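Commentary on secondary and tertiary structure
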Amino acid sequence: MPITDDEGLDRLLDADTIAVIGCSTTPGKAAHDVPAYLQQHGYHVIPVNPFADEVLGETAYDELAEVEADVDLVNVFRPSGEVPEVLGAVRERHAERGDAGAAWLQLGISHDEAAAEAEADGIEVVQDRCMKVEHGRLRG
């Protein structure tokens, strides 16, 4: 079952390094402003965007598998229809490297079947919640 309780959400907010899949270069878009907020609150944000070289002053990677640093949590800004592929990449990374133990699907993004498969592989999943909103509510 995806995490919905405050205790579980707060525990995931203990992450240090967050890979943001779909991180945008466009200020004003949630996929830019939420990672910027997280960065301003001390998180190491690693953008994953195949159409950018740099976002928020950080090197952008084409895909999660290319990220060299250990990743605590993967924050997802991609349409729900892409979630099986995205969580598949998280599952592969988790199996190969032992990191990326949590995935946070932003507000409006969910896929129950893909989330269940990720959870079966030991990955904690949050669906349809904004990480910025929850951080502000629980830690603000």
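The structure contained in this document is the topic of the report that follows.

Definitions and cut-offs
- Residues numbered from 1 in each chain as written.
- Predicted model: local features only at pLDDT ≥ 70, side-chain atom pairs only at ≥ 80, totals over all residues.
- Heavy atoms only, no water.
- Helix = DSSP H or I, 4+ residues; strand = E, 2+ residues; numbered from the N terminus.
- Buried < 20%, exposed > 50% of the residue type's maximum accessible area, 1.4 Å probe, protein only.
- Contact = heavy atoms within 4.5 Å.
- Pairing = 2+ DSSP bridges.
- Right-handed = clockwise from strand over helix to strand, strands pointing away.
- Axes fitted to C-alpha atoms, helices over the stretch in contact; angles between N-to-C directions.

1. Overview of the environment of Ala115
You can see Ala115 is positioned in helix α4 (residues 112-120). Owing to a relative accessible area of 1%, Ala115 belongs among the buried residues under this scheme. Sequence separation between Ala115 and Val76 is 39 residues, and the spatial gap between their C-alpha atoms is 12 Å. Once residues within four sequence positions are removed from consideration, Ala115 is found in contact with Leu87, Val125 and Gln127.

2. What to know about the pairing of strand β1 (residues 17-21)
Within β1, 5 of the 5 residues are buried, leaving the element largely enclosed by the surrounding structure. Side chains Thr17, Ala19 and Ile21 project from β1 onto one buried face, and the interleaved Ile18 and Val20 project onto a second face that is buried too. Sheet analysis places β1 next to strand β2 (residues 44-48), joined by 5 bridges and oriented parallel. Its bridge partner lying in β2, Ile21 is registered against Val48. Note that the unit made of β1, helix α2 (residues 30-40) and β2 has a crossover that is right-handed. The pairing of β1 with strand β5 (residues 73-76) spans 4 bridges and is parallel.

3. Notes on the sheet that holds β2
The parallel open sheet is built from 5 strands, whose spatial order is β2-β1-β5-β6-β7. One side of each edge strand has no neighbouring strand; the edge strands of this open sheet are β2 and β7 (124-126). Strand-to-strand twist in this sheet, taken as the mean axis angle between neighbours without regard to direction, amounts to 20°. The strands touched by α2 are β1, β2 and β5; relative to β2, the strand with the most contacts, the crossing angle is about 155°.

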